[in-house]
Structure formats: structure tokens, C-alpha cells
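Chain residues, written in single-letter form:
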Amino acid sequence: MIKLTFYTKNKQVTVDFGDLHHETYENVPTVQVREGYYEVMKRFDSETAPTGYSTIPVLRVPISNTIMFIEE
């Protein structure tokens, strides 16, 4: 089971994939709910955005295998 925690106040997401794998994402304005998965969107400043967009998806995890917590 994947544990995704979205901290709304400091715009951070932590993802625990179990055992030893853990990821943290900064500058996350939202976690989108798409058909079948959660999509973590990361904000970049316009100069460092890899595709020219300011907000791009950086992670998708299946809803069926994920528990999502929303914290302040």
C-alpha cells in the first residue's frame, strides 16, 4: 500500500512506498484526482520549468493502491 500525505499549508507531498523507499516533493500546489490515479503537480518558476509550463505532473500513483492523507 502506498501512503501519500499532502501538507496543504507548506505545499509539500511525502510518498511512502513501503519498506525503504520514501519520496518528498516541494512546491506542490495540488494533488489532482484523475481517472484511476492521483497526480502530484509540482510548480516550477518559469526559468527552470522543463517544458515551459509552470506546473507539471511529477508523480502518478494508482488510487486503488494508495491511501491519501490531507494535512494542514
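Note: the structure precedes this text.
Residues numbered from 1 in each chain as written. Predicted model: local features only at pLDDT ≥ 70, side-chain atom pairs only at ≥ 80, totals over all residues. Heavy atoms only, no water.

Draft legend 1. Molecular detail of the sheet that holds strand β4 (residues 30-34). One open sheet accounts for three strands, arranged β4-β5-β6; its pairing is antiparallel. Each edge of the sheet is formed by a strand with only one pairing partner; in this case those strands are β4 and β6 (55-62). The average undirected angle you get between the axes of adjacent strands in this sheet is 30 degrees. Judged from the seven bridges that link them, strand β5 (residues 37-43) and β6 form a sheet pairing that is antiparallel. Among the inter-strand pairings, valine 40 is bridged to a residue of β6, identified as leucine 59. (Pairing = 2+ DSSP bridges. Helix = DSSP H or I, 4+ residues; strand = E, 2+ residues; numbered from the N terminus. Axes fitted to C-alpha atoms, helices over the stretch in contact; angles between N-to-C directions.)

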